[in-house]
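# Residue-level structure breakdown
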Amino acid sequence: MLEINKFVTEENREGVRRLLEKYTDCAGEAKDVPDDDLDFIIQIATADAAETDLDEADLEGALEALCDDPEDDAAYAAVMNCLRYVKLVYFDKKDAEGIMYPMLQEDPDNDSERAFPVYTRRKMALNPAFKSFRSHHAEFARIADITDGSGCADIVINPDTNGFLFNIEETAAYVGACEETSGMFQAILTDGIEGTDLFSLVCACLDGTDVVCSLKDGTQVSGVLVLPRTEISENEAAAVPDADSFTIIKDIEAEDEDKDLEEVLVMKSDVASISQAAPEEPEEDEDGESPDLN
């Protein structure tokens, strides 16, 4: 499960507040930002740092935690952040009138209350009625588009097992706020920060990314930043964001591809400034056609 509160500490709260003061246009209000808002920013950055590793198991773990305690704000935040990245499975089929999507009756006593069924994995769909339907993978934004104008207010995740019901409009608003906050935090790192602002959350976000690092002696090192690791099992190691140093694997020209990669050990105390290379724009998922659910 995505540990959404992993970096919610006083050190990271003060670090985020400092970033807001120094690198955004809301410096005047930064000192008065409530801890809850700082924690929200930390949760978003934590999800971004874990993005390449997030999968269906993380979403299922977050859903299970939410099932155990529906009032668990961290579990809900983990579900919402997983929905930013983890693709869901949905069904449709073509008939003479176009594309048809299955709907499930949400309220047994009210057949007008319908929910759009989605799944964390194809194998979670146990409903025999879907055997004639095609399955697709799509991010939540695509699901929201599919249901737009249908009169269907909710999605239900894994309805054939636990059946988690989420209001589409509320979920879209939360995910949208996450994306906006993520963009702000990413812009700060892309524009560059001073070395004194390398607190643990920022280091976790920079781990495994391309950076340009200027040192206090005037030298500059470009390449992939890699944090020190600590062994947590025979086959797994965890990054150490609060370590005193990190390694930058320098860029090597294509014609030197047979040359050993040069690794430069950088002490955090020697960093004057550091910036992250802008992330590549993801390709749009064109899975499926624009639906007509009316």
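Further up the page is the structure itself.
Residues numbered from 1 in each chain as written. Predicted model: local features only at pLDDT ≥ 70, side-chain atom pairs only at ≥ 80, totals over all residues. Heavy atoms only, no water.

### What to know about the pairing of strand S9 (residues 210-215)
In this structure, S9 lies alongside strand S10 (residues 220-226), joined through 5 bridges in antiparallel fashion. For valine 211, the partnering residue across the bridge sits in S10 and is glycine 223. The turn joining S9 and S10, which pair antiparallel and follow one another in sequence, is formed by 4 residues; a positive phi near 95° is taken by glycine 218. Strand direction decides the pairing type here: S9 and strand S15 (residues 271-276), joined by 5 bridges, are antiparallel. (Pairing = 2+ DSSP bridges. Helix = DSSP H or I, 4+ residues; strand = E, 2+ residues; numbered from the N terminus.)

### As for the nonpolar core
Counting residues in hydrophobic clusters, the biggest one holds 40 residues, and the most contacted among them are Val79, Phe116, Ile155 and Phe166. Sort the elements by how many residues they give to this core and helix H5 (residues 73-82) lands first, with 7 residues. Contact partners of phenylalanine 116, with chain neighbours within four places excluded, come to Tyr90, Tyr101, Pro102, Met103, Ile143, Ile146, Thr147, Cys152, Asp154, Ile155 and Val156. Of all hydrophobic cores here, the second largest spans 34 residues; its members include Ala45, Leu201, Leu215 and Val271. (Core = buried A, V, L, I, M, F, W, Y, C linked by side-chain atoms within 4.5 Å. Buried < 20%, exposed > 50% of the residue type's maximum accessible area, 1.4 Å probe, protein only. Contact = heavy atoms within 4.5 Å.)

### Let's talk about the side chain of threonine 147
Here threonine 147 lies in helix H6 (residues 140-147). Here alanine 144 takes part through its backbone oxygen, which lies 3.1 Å from a polar atom of the side chain of threonine 147. (Polar contact = N/O pair within 3.5 Å; in protein donor to acceptor, adjacent residues only side chain to side chain.)

### Here's the deal with the packing of helix H3 (residues 35-50) against helix H7 (residues 168-191)
Relative to each other, H3 and H7 sit at 80°, their axes nearing to 9 Å. Accordingly, the angle class assigned to the pair H3 and H7 is roughly perpendicular. From H3, Phe40, Ile41, Gln43, Ile44, Ala45 and Asp48 reach across to H7, where they touch Tyr174, Ala177, Cys178, Thr181, Ser182, Met184 and Phe185. In terms of residue class, the contact of H3 with H7 is made up of 9 nonpolar, 3 polar and 1 charged. (Axes fitted to C-alpha atoms, helices over the stretch in contact; angles between N-to-C directions. Parallel < 35°, antiparallel > 145°, perpendicular 65-115°, else oblique. Nonpolar A, V, L, I, M, F, W, Y, C, P; charged D, E, K, R; others polar.)

### Digging into the packing of aromatic side chains
A full pass over the atoms with the stated rule returns 10 aromatic pairs. A centroid spacing of 6.3 Å and a plane angle of 85° characterise the contact between tyrosine 119 and phenylalanine 130, whose relative ring orientation is edge-to-face. Here phenylalanine 130 lies in the loop between strand S4 (110-118) and strand S5 (134-138) and tyrosine 119 lies in the loop between S4 and S5, a separation of 11 residues in the sequence. Take phenylalanine 130: its relative accessible area is 5%, and that puts it in the buried class. Taken together, Phe40, Tyr76, Phe166 and Tyr174 form an aromatic cluster joined through their ring pairs. (Phe/Tyr/Trp six-rings, centres within 6.5 Å; stacked < 30°, edge-to-face > 60°.)

### Section: the sheet that holds strand S1 (residues 88-95)
What the 3 strands build is an open sheet, ordered S2-S1-S5; its pairing is antiparallel. Across the chains shown, the open sheet's two edge strands, defined by having one partner strand only, are strand S2 (98-100) and S5. Taken pair by pair, the neighbouring strands of this sheet meet at an average axis angle of 40°, ignoring direction. Where S1 lies against S2, 3 bridges are found, and the strand directions are antiparallel. Bridging from a neighbouring strand, lysine 94 pairs with isoleucine 99 of S2. Across the face of the sheet, H6 comes into contact with S1 and S5 while running at roughly 35° to S1.

### Let's talk about the environment of arginine 17
Within the fold, arginine 17 resides in helix H1 (residues 10-23). A residue is classified by how much of its surface remains accessible, and arginine 17, at 10% relative accessible area, is buried. Taking the C-alpha atoms as reference points, arginine 17 and alanine 27, 10 residues apart in sequence, are found 9.0 Å from one another. In this structure arginine 17 touches Ala30, Lys31, Asp32, Val33, Asp35 and Leu38, once residues within four positions along its chain are discounted. At a separation of 3.1 Å, a polar atom in the side chain of arginine 17 contacts the main-chain carbonyl oxygen of lysine 31.

### Comments concerning H7
For H7, built from 24 residues, the straight-helix expectation of 34 Å at 1.5 Å per residue is met to within 8% by its first-to-last C-alpha distance of 34 Å. By the burial criterion, the buried members of H7 are Ile168, Thr171, Tyr174, Val175, Cys178, Thr181, Ser182, Phe185, Ile188 and Leu189. Two residues or fewer after H7 comes glycine 192, characterised by a positive phi angle close to 110°. (Expected span 1.5 Å × (residues − 1).)

### Re a negative patch on the surface
Together, Asp36, Asp37, Glu64, Asp68, Asp69, Glu71 and Asp73 make up a negatively charged patch on the protein surface. Mapped onto the negative patch, the elements with two or more residues apiece are H3 and helix H4 (56-68). Topologically, aspartate 37 is positioned in helix H3. (Patch = residues over 30% accessible without salt bridge, like charges linked within 9 Å, V, L, I, M, F, W, Y side chains within 5 Å. Areas by Shrake-Rupley, 256 points an atom, 1.4 Å probe, with all protein chains shown as cover. Salt bridge = Lys/Arg side-chain N within 4 Å of Asp/Glu carboxyl O. Lys, Arg positive; Asp, Glu negative; His and termini not counted. Charge placed at Lys NZ, Arg CZ, Asp CG, Glu CD.)

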